[in-house]
Amino acid sequence: MPERRLTNVTSNIDKLVMSSVEDKESYVNYRNEFAMASRFERRFDYPIHVDIELTNTCNYNCSFCEHGKAIEVKKEYYKSINILPKEKVYSLLDECKKNGTKSIQFNVANEPLLYEDIVEVIRYAKKLNFPDIYFSSNGSLLNKEKSLELIKSGLTKIMFSIDAYTNDVYLKTRRKGNYQFVVNNILEFVKLKKEMKTKLPVTRVSFVLTEINKHQKEAFEKFWKDKVDSIAFQNLIKLKTIEDSNKKRIEALKTYRCNMPYFRLTIKADGSIKPCCVFYGEEHNFGNIYKDKIYDLWNKEKFKEFQQMHTDYCWYKNEICKRCVLSVDFLITNQ
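Residues numbered from 1 in each chain as written. Predicted model: local features only at pLDDT ≥ 70, side-chain atom pairs only at ≥ 80, totals over all residues. Heavy atoms only, no water.

Trainee: Just give me the short version of the overall build of the protein, but keep the residues and values in it.
Mentor: Within the protein one finds 13 helices and twelve strands. Taking all 335 residues of the protein together, the buried fraction comes to 55%. Within the protein, contacts between residues separated by at least 24 positions form 75% of all contacts whose residues are at least 6 apart in sequence. Counting every atom, the protein has about 15700 Å² of accessible surface; 49% of that belongs to carbon and sulfur. (Helix = DSSP H or I, 4+ residues; strand = E, 2+ residues; numbered from the N terminus. Buried < 20%, exposed > 50% of the residue type's maximum accessible area, 1.4 Å probe, protein only. Contact = heavy atoms within 4.5 Å. Areas by Shrake-Rupley, 256 points an atom, 1.4 Å probe, with all protein chains shown as cover.)

Below, the structure is given as C-alpha cells:
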C-alpha cells in the first residue's frame, strides 16, 4: 500500500547513528519501540519521543512558519517570551528517563541556539543515556566555539533548516539573514567534526518545499550531497487548510493515520503539553508540566481515546486534526 509521508531523506539516518553510538543495543531497542509505535503495532505506556521547546523565541520569521505569518494558530502564544528554566528541563529529563522515553528533541517551533543553557541540557540528557538527542536549527547563530561545544555535548543528530540554494530565495523564504553566512557556518561545523574524527552528531540539512523555492530542489541536493550525512525534503504543512473539495479529500485520505500521538509528546516553553509537533497541534491542550506528570497524562482515558481515534483512521472526526491533514500535500511512496 502506498505510504503518505511529509518527509523524504536521501540516506538512512538510523544506520548512520547506530554505526556511531557507543551503546548500539540501546539504540536498536529504541528504534524497535519507535517502529512498533509508529506502525500502531503496540501502545507503550510512555511516549517513545518527547519534544522540549526550551524557548518560544526565534531570530527568524520564515514565510511558512507561525512566527512569520499573521498567526492563525494560538496567536497569543508568540506575543510573550516563554523560557523553560534549566532546572525544570533537568526535572523533565529525569521524569522522561524514569518513564522509559528514549528520544529527546530540544526544539519545536523555535531556534534552540537562543537558549542560553542549550549545551548544559544536552550534556544532562547525555548523562542520563538517552539513545537519541537532537535538535533542528537555522544555523545562523553558529560559530566555531559553539560548534565545538555542540560536537562534544552528546548530540546524536543535528538538523539545519536552509530551504534555499541562493541568497535571493533565502531572503524570500527566511525574510532575514544571509544565505552564504549560514552555509559557511554549516560547512565549518562539518569540517570541525572531521578534524575531531567523530561521526556524531550526524548532520542533516533540510529543504521545506514551497512555491518560492521548489525550483531549487535539484541544485540544493547536488550542492549538499557530498558535504553532509543526509538531506531531507519536506512538503509544507500549510497554515491555512485547503478548502476545495474537502469531502473528496477526506474520502481519498480515509486510509491515512497520523502516528505522532502514538509515539510522541510535545512540551511547549509555557509548559503546555501537545500530542504532536506541528503548527495545528498548538490548538490541542492535554495538560501542563507544572501541574501534570507526563506518565499520568499519557495514560489518561482522554489521551488514550485521542490515540484510538487515529488508530481507527478517524482523524476527520477531530476538527483540529481534520484541518491539519487537509492542509498537507503528502509525498507518496511505495514503501
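Trainee: How would you summarise the packing of helix H5 (residues 144–153) against helix H7 (residues 179–195) if you had to cite specific residues and measurements?
Mentor: Relative orientation of the contacting elements H5 and H7 amounts to 50°, with a least axis distance of 10 Å. Considering the angle they form, H5 stands oblique to H7. Of the two elements, H5 crosses H7, and the hand of that crossing is right-handed. Judged by residue contacts, Lys 144, Ser 147, Leu 148, Leu 150 and Ile 151 of H5 engage Glu 188, Phe 189, Leu 192 and Lys 193 from H7. (Axes fitted to C-alpha atoms, helices over the stretch in contact; angles between N-to-C directions. Parallel < 35°, antiparallel > 145°, perpendicular 65-115°, else oblique. Left-handed = near helix turned anticlockwise from the far one by under 90°.)

Trainee: How would you sum up the side chain of Lys 268? Please name residues and give values.
Mentor: Its location among the elements puts Lys 268 in the loop between strand E9 (264–267) and strand E10 (272–274). A distance of 2.9 Å separates polar atoms of two side chains, one belonging to Lys 268 and the other to Glu 53. Polar side-chain contacts of Lys 268 include one of 2.7 Å to the side chain of Glu 282. (Polar contact = N/O pair within 3.5 Å; in protein donor to acceptor, adjacent residues only side chain to side chain.)

Trainee: Run through the nonpolar core, naming residues and quoting values.
Mentor: Counting residues in hydrophobic clusters, the biggest one holds 66 residues, and the most contacted among them are Leu 93, Phe 106, Ile 118 and Leu 150. Among the elements that make up this core, the one with the highest residue count is H7 (seven residues). Discounting residues that sit within four places of it in the chain, Leu 150 has contacts with Leu 113, Val 119, Ile 122, Phe 135, Leu 142, Leu 155, Ile 158 and Phe 189. With 28 residues, the next largest nonpolar core counts Ile 48, Leu 200, Tyr 262 and Val 325 among its residues. (Core = buried A, V, L, I, M, F, W, Y, C linked by side-chain atoms within 4.5 Å.)

Trainee: A description of the pattern of salt bridges should follow, citing residues and the corresponding values.
Mentor: Scanning the model with the defined rule gives 15 salt bridges in all. Of the charged contacts, one joins Arg 39 and Glu 41 as a salt bridge, the two residues approaching to 2.8 Å between their closest N and O atoms. Between Arg 264 and Asp 51 there is a salt bridge; the shortest N-O distance is 2.9 Å. On the criterion of sequence distance, the pair formed by Arg 264 in strand E9 and Asp 51 in strand E3 (residues 49–52) is long-range, its members being 213 residues apart. Looking at Asp 51, the relative accessible area reads 1%, which means it is buried. (Salt bridge = Lys/Arg side-chain N within 4 Å of Asp/Glu carboxyl O.)

Trainee: Residue-level account of the packing of aromatic side chains, with values.
Mentor: Under the criterion given, the structure shown has 20 aromatic pairs. Considering the side-chain rings of Trp 298 and Phe 303, the 5.1 Å spacing of their centres and the 35° angle between planes classify their relative orientation as tilted. Taken individually, Trp 298 and Phe 303 each receive the classification buried, so the pair is uniform in this respect. Lying over the aromatic face of Tyr 30, Arg 31 brings its terminal NZ or CZ to 5.0 Å of the ring centre. Lying across the ring of Phe 233, Lys 217 places its NZ or CZ 4.3 Å from the centre. (Phe/Tyr/Trp six-rings, centres within 6.5 Å; stacked < 30°, edge-to-face > 60°. Lys NZ or Arg CZ within 6 Å of the ring centre and 35° of its normal.)

Trainee: Lay out empty space enclosed by the protein with the relevant residues and their values.
Mentor: In total, this model carries one cavity of 30 Å³ or more according to the counting rule given. Roughly 60 Å³ of internal volume is contained in the largest cavity. If you go around the largest cavity, you meet twelve residues; those closest to its centre are Val 108, Lys 268, Cys 277, Val 278 and Glu 282. For the lining of the largest cavity, a count of residues per class yields six nonpolar, two polar and four charged. (1 Å grid on protein atoms, 1.4 Å probe; cavity = no way out; pocket = protein on both sides within 12 Å on 5 of 7 lines; lining within 4 Å. Points joined across faces, edges and corners; volume = space filled by probe spheres on them. Nonpolar A, V, L, I, M, F, W, Y, C, P; charged D, E, K, R; others polar.)

Trainee: How would you sum up the pairing of E3? Please name residues and give values.
Mentor: With burial as the criterion, each face of E3 is covered, one bearing His 49 and Asp 51 and the other bearing Val 50 and Ile 52. Examined bridge by bridge, E3 and strand E4 (residues 103–105) share three bridges and lie parallel to one another. Bridge pairing in E4 places His 49 opposite Ser 103. Two elements, E3 and E9, share four bridges in a ladder whose sense is parallel. Looking at the pairing, Asp 51 lines up with Thr 266 of E9. (Pairing = 2+ DSSP bridges.)

Trainee: For helix H2 (residues 24–38), give the residues involved together with the corresponding values.
Mentor: With 15 residues, H2 extends 21 Å between its outermost C-alpha atoms, agreeing within 8% with the 21 Å of an ideal straight helix rising 1.5 Å per residue. Of all the positions in H2, only Tyr 27, Tyr 30, Glu 33, Phe 34, Ala 35, Ala 37 and Ser 38 are classed as buried. Its buried side turned inward, H2 meets helix H1 (13–18), E4, strand E5 (132–137) and helix H10 (260–263). Positioned one or two residues after H2, Phe 40 has a phi angle of 65°, which is positive. (Expected span 1.5 Å × (residues − 1).)

Trainee: How would you summarise the environment of Glu 218 if you had to cite specific residues and measurements?
Mentor: With respect to the element layout, Glu 218 can be found in helix H8 (residues 217–224). Between the C-alpha atoms of Glu 218 and Tyr 165, which are 53 residues apart in sequence, the distance is 9.4 Å.

Trainee: So what about unusual backbone geometry? Which residues, and what values?
Mentor: Among all residues save glycine, negative phi is the norm, and among peptide bonds the norm is trans. Residue Leu 200 is joined to Pro 201 through a cis peptide bond whose omega torsion reads 0°. Summarising the element assignment, Pro 201 is placed in the loop between H7 and strand E7 (202–209). The backbone of Asn 129 shows a phi angle near 65°, a positive value even though the residue is not glycine. Its place among the elements puts Asn 129 in the loop between helix H4 (118–127) and E5. With a phi angle near 65°, Arg 175 is a residue other than glycine that sits in the positive phi range.

Coordinates in, geometry out; function isn't part of it.
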